[in-house]
Amino acid sequence: MSAHDTESVRSGHGRQQKGSVVDGSEVDDVRSSMGGSHLGYAGKKAPAAPAKPEAVELPQEMMLELVQAFCRDTRSDPASAAADKFRNSLITNAGDSSVRLRNSRLGMHSGVCMGKVFKTHPLATLDLQGNVMRDVGAIALIALLRGHETLRNLTLGCNDLGVESAIAFARELSSNNKLLSLDLGNEAAGASMYNNRFNAIAGVAFGHALVTNSSLTHLGLVGVGFGKNQDEQADTESQAAAAIKTALIVNSTLKVLKLGSNGLGTGGCVMALQGLSQNHSLQTLDLSYNGGGPEVGVVAGRALAANTTLTSLSLSHNRIGPGGTSSLAAAMLRNTSLQALDLAACDMRDRGAIALANALEANAGLVTCNCSSNNLTEYGGLAWADTLWTNRALQSLVLNDNPLGDEVAVNIAGVLAVNTTLQRLDLGSCKIGDEGALAIIDALESNQTLKHMRLFDNLISEMGGMLLADMLESHGSLHMLDVRSNQVAHAAMLRVQRECSRKKTAAESQEPRALSAQIKVLRRKEQKILECEFRIGRAEEARSEAERVLREETQALSEAQAESRIKVSEAQHRLSNCLQTVEEAHKGLSQKKGERDKIKADGEARLSELTEDLAKQAEDREALQGQIDEAQADLDATVADKNSRLSGLNTELSESRSAIQELERQTAEVHLKLRELEGARAGFLKKKKEEEEARVAQEQAERAAAEAARKATHSKSGKKKK
């Protein structure tokens, strides 16, 4: 929370006492109590945030190095509770593309370690707000930023950075065209012990860097001291503001610039606004808490008359006075782009408020206006009431800490009966009594648009609180009504709280179209997941079946090959025997030529038999060779068919594996929780075992004592017998 927001809390909500919040939402309660928090409120209902993707844990080696660096920074043991807490923070807040470790006591060693381990990590956002990086850690992160391909958002506010770090960042911005957002701003004054401390020289460096940079869209430099020189004295020449003015004239990519709480003074604010008048890209400018005077309002009016892109402007806590406010009001007659204007604590008084209210009667662009703590009386309040009769664009109006009185509240009640655009109305610390408060609640009978209203620290009595609670049950559709720091009884406040919660719940129970569409999308995704699981099961079954068939056919093929080899070997053996027999017969014929005539008939018969055997064997061999060829062809066809089927199954298996990996990723967190429960169970069993061992030891001691007593008794009885 910036210094601008904290001071608005003091001015608009400072006199509240502790009590129950009459809304179910603490976030809306805090934001609406801030003077400048309405700048981001466009009046329309924000769309439902997309489902946050499940965070992917950092690699174990990277987490181990970061924990070790944290232990060096904090001088703690890796097994200490602080290290365990940081390790859990890494698991929760650090993922593949985003690392958010705010207020984690990270120091220089952690900065250097991050500069090393994140070099190849696909990081997009690094948020280290509220640590103690100092210059050494910041320069290590600048080196990381220089060579990183995906890092786009960096936050290093409240890290005890000095001028050296600021100048290094400015130099890096001069050549870096990848970074989109850089926030080095501090929190509220006194909220941190380690605020960044720059000076005017650093502001000049940033101004020069913005001249050449063509990628940065968000630059946060709240409370860094651009309005001071090296000797801590005010920069009367406004060097930083002059450089920023030049940058705004040249730069065409920057959209958000926060320069609040820098002590720029009137001259510095004027220069920044002069740069705004020639800029055509900036959408948000924060110059709050800079000690500006009336001239700031005059120049701001000229800038708004020339600028057509700015949508949010904060000049709160600059004493621009009635004259400066009147100049702004004149510009609002022509400007249609500005949507949020914060003029809290600007000393506009009734004259400035009347001028601004009259201008907004013809303005159709402004959505949020904050005029808290401006010493407005009933005259200024009545001007705002008259404006609401004709203005159909304003959705949030904050008038806290102005002594308006009941008459203004009654007039505003008359407007609420017909106004259909105002959604938030803050009238805290406005000296409104029962008459004004009940008139406003009564007007809500015909108003269903107003959802948030604040009447804290007013003059509502106990009876008025009871009547207000009674009327609220049948009037309006308020989701939040703040009546703290009044004389309202606790029972009435509880009734108000229950009624607001009931109406808010009833409004939220009506399922909007966007939510219905998201539910349908989730149902379709669930159906796809079920289909994928079914397909995975089918693919696993088909794979197991294919493997079984392949094993059977491979076994059959091996058996057929073995049988073929056996038959071939047998045929070869028979052929060799036959050849050997023929050779022996030829030898017998040569040796017994004399007997050939005698045994010619027997020899011819034997030769014919052998020839027939040879022919038959040759036919058998040819038939066997044909069978082998057919078996080989069948085998080749079977292998080709199985290969094609296996390729198809492998394709389905790869798809199934990707789906399984997605499911395994989703179950990672469940496994983590199971490990934590297992650790707790192990601790419980260990404690129970220790208790059991202690009990057994005690029993053994008791038995030993009893045995000793028994032996003593036995020895005494023996002595008596003797």
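Above: the structure in question.
Just so it is clear, the model here is predicted, and its values are computed rather than measured.

A.B. asks: Looking at this structure, how should I read unusual backbone geometry?
C.D. replies: Only a minority of non-glycine residues have a phi that is not negative, and only a minority of peptide bonds are not trans. In this structure, Lys-431 takes a positive phi of about 60° despite not being glycine. Structurally, Lys-431 is set in the loop between β12 (424-426) and α16 (434-443). A relative accessible area of 55% means that Lys-431 is categorised as exposed. In this structure, Ser-485 takes a positive phi of about 60° despite not being glycine. By secondary structure assignment, the location of Ser-485 is in the loop between β14 (480-482) and α18 (490-509). A relative accessible area of 16% places Ser-485 in the buried class.

A.B. asks: Help me out: how do you make sense of the side chain of Ser-281 in this one?
C.D. replies: Mapped onto the elements of the fold, Ser-281 is located in the loop between α10 (265-277) and β7 (284-286). Judged by its relative accessible area of 8%, Ser-281 falls in the buried class. A polar contact is formed between the side chain of Ser-281 and the backbone oxygen of Leu-254, at a distance of 3.2 Å.

A.B. asks: When you look at helix α12 (residues 321-332) in this model, what are you seeing that I'm missing?
C.D. replies: Because each turn of an α-helix spans 3.6 residues, side chains separated by three or four positions in sequence point in the same direction. With twelve residues, α12 should reach 16 Å at 1.5 Å per residue; the first-to-last C-alpha distance of 17 Å fits that figure. Three or more residues of α12 are buried, namely Gly-321, Pro-322, Gly-324, Thr-325, Leu-328, Ala-329, Ala-331 and Met-332. Its buried side turned inward, α12 meets α11 (294-306) and α13 (349-360).

A.B. asks: Before we go on, may I ask you to explain the packing of aromatic side chains in this structure?
C.D. replies: The geometry of two aromatic rings is summed up by the distance between their centres and the angle between their planes. On inspection of all chains with the given rule, the structure shows three aromatic pairs. Measuring from ring centre to ring centre gives 6.4 Å for Phe-198 and Phe-226, while their planes differ by 25°; the resulting arrangement is stacked. One end of the pair, Phe-198, is in the loop between β4 (181-183) and α8 (200-212); the other, Phe-226, is in the loop between β5 (218-220) and α9 (239-250), with 28 residues separating them in the sequence. According to the relative accessible area criterion, Phe-226 is buried, its value standing at 1%. Put simply, the rings of Phe-198, Phe-206 and Phe-226 pair up and form one aromatic cluster.

A.B. asks: Help me out: how do you make sense of a positive patch on the surface in this one?
C.D. replies: Taken together, Lys-520, Arg-523, Arg-524, Lys-525 and Lys-528 make up a surface patch of like positive charges. Locating Arg-523 in the fold gives a position in helix α19 (residues 513-591). A residue is classified by how much of its surface remains accessible, and Arg-523, at 57% relative accessible area, is exposed.

A.B. asks: Please clarify how the environment of Arg-524 should be interpreted in this entry.
C.D. replies: Within the secondary structure, Arg-524 is located in helix α19. Along the backbone, Arg-524 and Leu-257 are 267 residues apart, and their C-alpha atoms lie at a distance of 42 Å.

A.B. asks: I would appreciate a short explanation of the nonpolar core in the present structure.
C.D. replies: Buried together is how nonpolar side chains tend to be arranged in soluble globular proteins. Phe-118, Phe-226, Trp-384 and Leu-481 are the most contacted members of the largest nonpolar core, which has 135 residues in total. In terms of residue count, the dominant contributor to this core is helix α3 (residues 60-74) (seven residues).

Each value, and the rule that gives it
Residues numbered from 1 in each chain as written. Predicted model: local features only at pLDDT ≥ 70, side-chain atom pairs only at ≥ 80, totals over all residues. Heavy atoms only, no water. Helix = DSSP H or I, 4+ residues; strand = E, 2+ residues; numbered from the N terminus. Buried < 20%, exposed > 50% of the residue type's maximum accessible area, 1.4 Å probe, protein only. Polar contact = N/O pair within 3.5 Å; in protein donor to acceptor, adjacent residues only side chain to side chain. Expected span 1.5 Å × (residues − 1). Contact = heavy atoms within 4.5 Å. Phe/Tyr/Trp six-rings, centres within 6.5 Å; stacked < 30°, edge-to-face > 60°. Patch = residues over 30% accessible without salt bridge, like charges linked within 9 Å, V, L, I, M, F, W, Y side chains within 5 Å. Areas by Shrake-Rupley, 256 points an atom, 1.4 Å probe, with all protein chains shown as cover. Salt bridge = Lys/Arg side-chain N within 4 Å of Asp/Glu carboxyl O. Lys, Arg positive; Asp, Glu negative; His and termini not counted. Charge placed at Lys NZ, Arg CZ, Asp CG, Glu CD. Core = buried A, V, L, I, M, F, W, Y, C linked by side-chain atoms within 4.5 Å.

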